[in-house]
Amino acid sequence: MTPDWYRKAGSPFAPEKKSAVGSRGMVASNHPLASAAGVEMLAMGGNAVDAAIATAFALTVVEPMMVGIFGAGLVNYYDAASGQFAHIDNYTVAPAAATPELYTPVSDTWPDYLETIEQRNRVGYLAAGVPGALKSWCQLEAQVGRLGLDTVLQPAIRHAARGFPASAYLVDIIIAHRAPLSRFPATREIFLPGGAPPSAGQPIVRSDYARTLSRIAQEGPDALYDGEIGERVARDMAANDGLITMDDLRNYRIHQREPLRGTYRGYEVVSVGPTSSGGTHIIQMLNLLEPFDIAGMGFGTATGIHLLAEVLKMAFADRFAYLGDPAFIKLPTQGLISKAYAEQRRGEIDLERAQDYRAGQPHTFNSESQNTTHLTAADGEGNVVAMTQTIHEAFGSKVTVPGTGMILNNTMYLFDPHPGHANSIAPGKRMLSSIRCYAVDDL
């Protein structure tokens, strides 16, 4: 139903919300087969972690343009028994051979600031970062899950081996990226069979990928990070002027970080911190918006959209200036999310006029010593997992490693290709992402 206050505000839109209720748990993802994989785990007595990891693996099969085991992401986990949140950073890092001058930028100004000659940071082997997805999913399952890796992988293996119907969404994205996908034989073989995109509903079988997942079920993450699958990646990289080596894979580490916390109108917001900029700037923008009568402005009105645009521009000016890998630079995160900083900057917003914004001075308020998919799973005990995982753009780098069915990410595109900035390339550095996964609690 459309609330009365939307109508009174003269909103041009009529939003509707539908509730879904589950007594023993809930799984939400972008594909019914993936959500069903998670529900299957709950029905077998698994917890929210089992459900989330099964869903994530299934998504790598049925939504391959968005997420993969050679990808990256962030996990926010709430443990009901302890009341504690855990934030796991499994984002990709630059290979050891990467340098600030790895790519040749085509422009020093937007909108082409991130683009490089021959799109080498976007398509092909040089676009791939060292992955963290598989390692973090396996570790989370081992530490907190109940059913074990072999069990949670079974739905994904089944869909890869037996095939799944191509969704209209998948087909549309294949068509949109047909040219770069066709450059790589192992990618072309699966997603452009006979040289043409599949039709909606047509079965897609990923036999190589089913074998890869089966090996992981038996050997764990070492199958990629110190085993046969990784060796295939390293050989393919070396043969195609890529940078990732077995040493890069062996040396990859995930990080458990402290979640960021903020408040908004009586609610506590718990989100992920750097190397994601998402949580930081969500809290920053909520702080900026808090005193405004947003409901009175109406949903979708010119005034409401203008305010959101101004707040977004202000946050992204700060993002470009300050955010990067905390292992390489000192970040003013607590300053950025402070109420005092928001109060200082809020006065710059003019509700009658669009503006350009420069980065502010969050250090003054700092108290510190220094295309993607989302899924959520909750169980009957109150445990909740929120995961945002990605291979960055649709089909990542467009490269599938022959014999593995595994699509490589193109997260190197997230780095600033210009040397000397907060998010410039450095060996082993995590690139900055805007993805976020968060929880909101009533205080």
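Computed from a predicted model, the values in this text were never measured in an experiment. (Residues numbered from 1 in each chain as written. Predicted model: local features only at pLDDT ≥ 70, side-chain atom pairs only at ≥ 80, totals over all residues. Heavy atoms only, no water.)

S.K.: Could you give an account of the pattern of salt bridges, naming the residues involved and the relevant values?
M.R.: Enumeration over the complete set of coordinates arrives at 16 salt bridges. Residue Glu 348 is joined to Arg 345 by a salt bridge in which the shortest nitrogen-to-oxygen separation is 3.0 Å. Judged by its relative accessible area of 3%, Arg 345 is buried. Beyond isolated ion pairs, a larger network of salt bridges with shared partners links Glu 115, Arg 122 and Glu 393. (Salt bridge = Lys/Arg side-chain N within 4 Å of Asp/Glu carboxyl O. Buried < 20%, exposed > 50% of the residue type's maximum accessible area, 1.4 Å probe, protein only.)

S.K.: Help me get a handle on empty space enclosed by the protein, residues and values and all.
M.R.: When its volume is computed, the largest cavity comes out at roughly 50 Å³. Forming the boundary of the largest cavity are Thr 60, Pro 64, Val 67, Gly 68, Ile 69, Arg 206, Tyr 209, Ile 391, Gly 405, Met 406 and Ile 407. Class assignment of the residues belonging to the lining of the largest cavity gives a composition of seven nonpolar, three polar and one charged. (1 Å grid on protein atoms, 1.4 Å probe; cavity = no way out; pocket = protein on both sides within 12 Å on 5 of 7 lines; lining within 4 Å. Points joined across faces, edges and corners; volume = space filled by probe spheres on them. Nonpolar A, V, L, I, M, F, W, Y, C, P; charged D, E, K, R; others polar.)

S.K.: Could you give an account of the pairing of strand S2 (residues 72–79), naming the residues involved and the relevant values?
M.R.: Two faces make up the sheet, and in a regular strand the side chains alternate between them. Most of S2 is tucked away: six of the eight residues are buried. Across seven bridges, the pairing between S2 and strand S10 (residues 384–390) is antiparallel. In the sheet register, Gly 73 faces S10, and the bridge partner there is Gln 389. As judged from the six bridges shared by S2 and strand S3 (residues 84–89), these two strands associate in the antiparallel manner. Looking at the pairing, Leu 74 lines up with Asp 89 of S3. (Helix = DSSP H or I, 4+ residues; strand = E, 2+ residues; numbered from the N terminus. Pairing = 2+ DSSP bridges.)

S.K.: Could you give an account of the packing of aromatic side chains, naming the residues involved and the relevant values?
M.R.: Considering all chains together, one arrives at eight aromatic pairs under this definition. Measuring from ring centre to ring centre gives 5.6 Å for Tyr 113 and Phe 320, while their planes differ by 80 degrees; the resulting arrangement is edge-to-face. Placement of Tyr 113 in the loop between S3 and helix H4 (133–144) and of Phe 320 in helix H15 (residues 302–322) is noted, with a sequence separation of 207 residues between them. The structure contains a cluster of three or more aromatic residues connected by ring pairs, namely Trp 110, Tyr 113 and Phe 320. Over the ring of Tyr 225 we find Lys 135; its NZ or CZ atom is 4.6 Å from the centre of that ring. Above the face of the Tyr 209 ring, Arg 206 is positioned so that its terminal group lies 4.4 Å from the ring centre. (Phe/Tyr/Trp six-rings, centres within 6.5 Å; stacked < 30°, edge-to-face > 60°. Lys NZ or Arg CZ within 6 Å of the ring centre and 35° of its normal.)

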